[in-house]
Amino acid sequence: MTKQLSLGGTFSFSNTSMTVNRLGYGAMQLAGRDGNKLVWGPPADIPGAIAVLREAVASGVNHIDTSDFYGPHVTNQLIKQALHPYPDDLVIVTKVGARRGSDGSWLHARSRQEIIDAVHDNLRNLGLDSLQVVNLRIGGLSSPTDDPFEEPLTALAELKQQGLVQHLGLSTVSPQQLAQAQAITEIVCIQNFYNLAQRNDDGFIDALAAQGISYVPYFPLGGFSPLQSSRLNEVAASLNATPMQVALAWLLHRSPNILLIPGTSSVQHLRENLTAATLKLPDEALATLDDVSVAAA
């Protein structure tokens, strides 16, 4: 497949040497499922998962989002199997601050030792000597919570000083929490719940852009409950595109500091997602899409 030189343009992380194409890939969906346990165990089709990762990189994706608590360990091991030794321009972003219960639950893991252990787990399963970006997950599944985070972030800052981590980000946080974190260490990215219908962070995104900090919306297509909107469907039909392609294109248009990490376990779906980078949204379509969040409220 011909490599696409740009996927939605590029973004350079402030005060780093990292530049990525804005349309990346999220690896969470590569893990399997065991009954009600989501993102659990190996996928039914391991060769298919490896093919998705290799197709993504061959298509120009150089930003992959993962975590060692996906599976757990599964997605990182798949990434290593598919892509190691990694291309020089590939940025792998991982996340710590949670662990999985035996019942598949998502539990906090924010003590100093849990953070240290999580970083070493990520290093081992990805086959790396240093993690490029580690996000500390602070809030709940979809919104920030007022939980203390000085201990885990300080532990990460120390691991950064040791060279085991190169850069730090935060997941599911408020602007106030970002300001508190910046008093401890530099933050290069924020990963929060945001999409066409979920737009609580509009002001936050603009403030981050002014600081040169990237904003990476998770669940850009709705997550476990996919986006559903008649307005979105109408725009997609008018552009001969899928609703998900339009939703991704809207996010790319929303702000230049937004980086996308849509996930899939299908090569065909991956190609559809990447095509969103070439989709042009007319002014009339943008106006219609901007009203989706109002209708969803």
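Residues numbered from 1 in each chain as written. Predicted model: local features only at pLDDT ≥ 70, side-chain atom pairs only at ≥ 80, totals over all residues. Heavy atoms only, no water.

Student: Could you clarify how one ought to interpret the overall build of the protein in this entry?
Tutor: In terms of regular secondary structure, the protein is built from eleven helices and 13 strands. Along the three orthogonal principal directions, the C-alpha set of the protein runs to about 55 × 45 × 40 Å. Burial analysis of the protein (297 residues in total) assigns 55% to the buried set. Summed over all atoms, the accessible surface of the protein reaches about 12700 Å², with 50% contributed by carbon and sulfur. (Helix = DSSP H or I, 4+ residues; strand = E, 2+ residues; numbered from the N terminus. Buried < 20%, exposed > 50% of the residue type's maximum accessible area, 1.4 Å probe, protein only. Areas by Shrake-Rupley, 256 points an atom, 1.4 Å probe, with all protein chains shown as cover.)

Student: Even after reading the chapter, I still don't get the environment of Val-20, so can you show me in this structure?
Tutor: By the secondary structure assignment, Val-20 is in strand β2 (residues 19-21). Separated by 71 residues in the primary sequence, Val-20 and Val-91 place their C-alpha atoms 7.3 Å from one another. Setting aside chain neighbours within four positions, we find Val-20 in contact with Gly-9, Thr-10, Phe-11, Phe-13, Asn-62, His-63, Val-91 and Leu-259. (Contact = heavy atoms within 4.5 Å.)

Student: What exactly am I supposed to notice about the sheet that holds strand β13 (residues 214-215) here?
Tutor: Remark on secondary structure: sheet strands pair via backbone hydrogen bonds, oriented parallel or antiparallel. Reading across the sheet, the seven strands line up as β3-β6-β7-β10-β11-β12-β13 and stay open at both edges, with parallel pairing between neighbours. One side of each edge strand has no neighbouring strand; the edge strands of this open sheet are β3 (25-26) and β13. By the bridge criterion, two bridges tie strand β12 (residues 189-191) to β13 in an arrangement that is parallel. The residue bridging Cys-189 from the neighbouring strand is Ser-214, located in β13. (Pairing = 2+ DSSP bridges.)

Student: Teacher, can you tell me more about the packing of aromatic side chains here?
Tutor: Remark: the centre distance and the inter-plane angle together describe each pair of aromatic rings, the angle taken between the planes. In total, this model carries nine aromatic pairs according to the counting rule given. Here the aromatic rings of Phe-11 and Phe-13 are separated by 5.5 Å at their centres, their planes lie at 85°, and the arrangement is edge-to-face. The same class applies to Phe-11 as to Phe-13, namely buried. With a centroid separation of 5.3 Å and 80° between ring planes, the pair formed by Tyr-218 and Phe-219 is classed as edge-to-face. By way of ring pairs, the aromatic residues Phe-69, Tyr-70 and Trp-106 are connected into one cluster. When the ring centre of Trp-106 is taken as origin, the NZ or CZ atom of Arg-100, which lies over that ring, is 3.7 Å away. (Phe/Tyr/Trp six-rings, centres within 6.5 Å; stacked < 30°, edge-to-face > 60°. Lys NZ or Arg CZ within 6 Å of the ring centre and 35° of its normal.)

Student: Can you walk me through the pairing of strand β10 (residues 131-137) in this structure?
Tutor: For a regular strand, side chains alternate in direction, first toward one face of the sheet and then toward the other. Buried residues dominate β10, accounting for seven of its seven residues. Where strand β7 (residues 91-96) and β10 come together, four bridges link them in parallel fashion. Looking at the pairing, Thr-94 lines up with Val-134 of β10. As defined by bridge partners, β10 adjoins strand β11 (residues 165-171) across six bridges and the pair is classed as parallel. Note that in β11 the partner of Asn-135 across the bridge is Gly-169. Read as a crossover between parallel neighbours, the route from β10 over helix α4 (residues 150-161) to β11 is right-handed. (Right-handed = clockwise from strand over helix to strand, strands pointing away.)

Student: Whenever I open this one, unusual backbone geometry confuses me. Can you help?
Tutor: Excluding glycine, most residues fall at negative phi; most peptide bonds, likewise, are trans. In this structure, the amide linkage connecting Gly-71 to the following residue, Pro-72, adopts the cis form with an omega of -15°. Position of Pro-72 among the secondary structure elements: in the loop between β6 (63-65) and α2 (74-83). In this structure, Pro-85 follows His-84 across a cis peptide bond, with omega equal to 0°. By the secondary structure assignment, Pro-85 is in the loop between α2 and β7. Backbone geometry at Val-39 places phi at a positive 55°, although glycine is not the residue there. By secondary structure assignment, the location of Val-39 is in the loop between β5 (37-38) and α1 (46-58).

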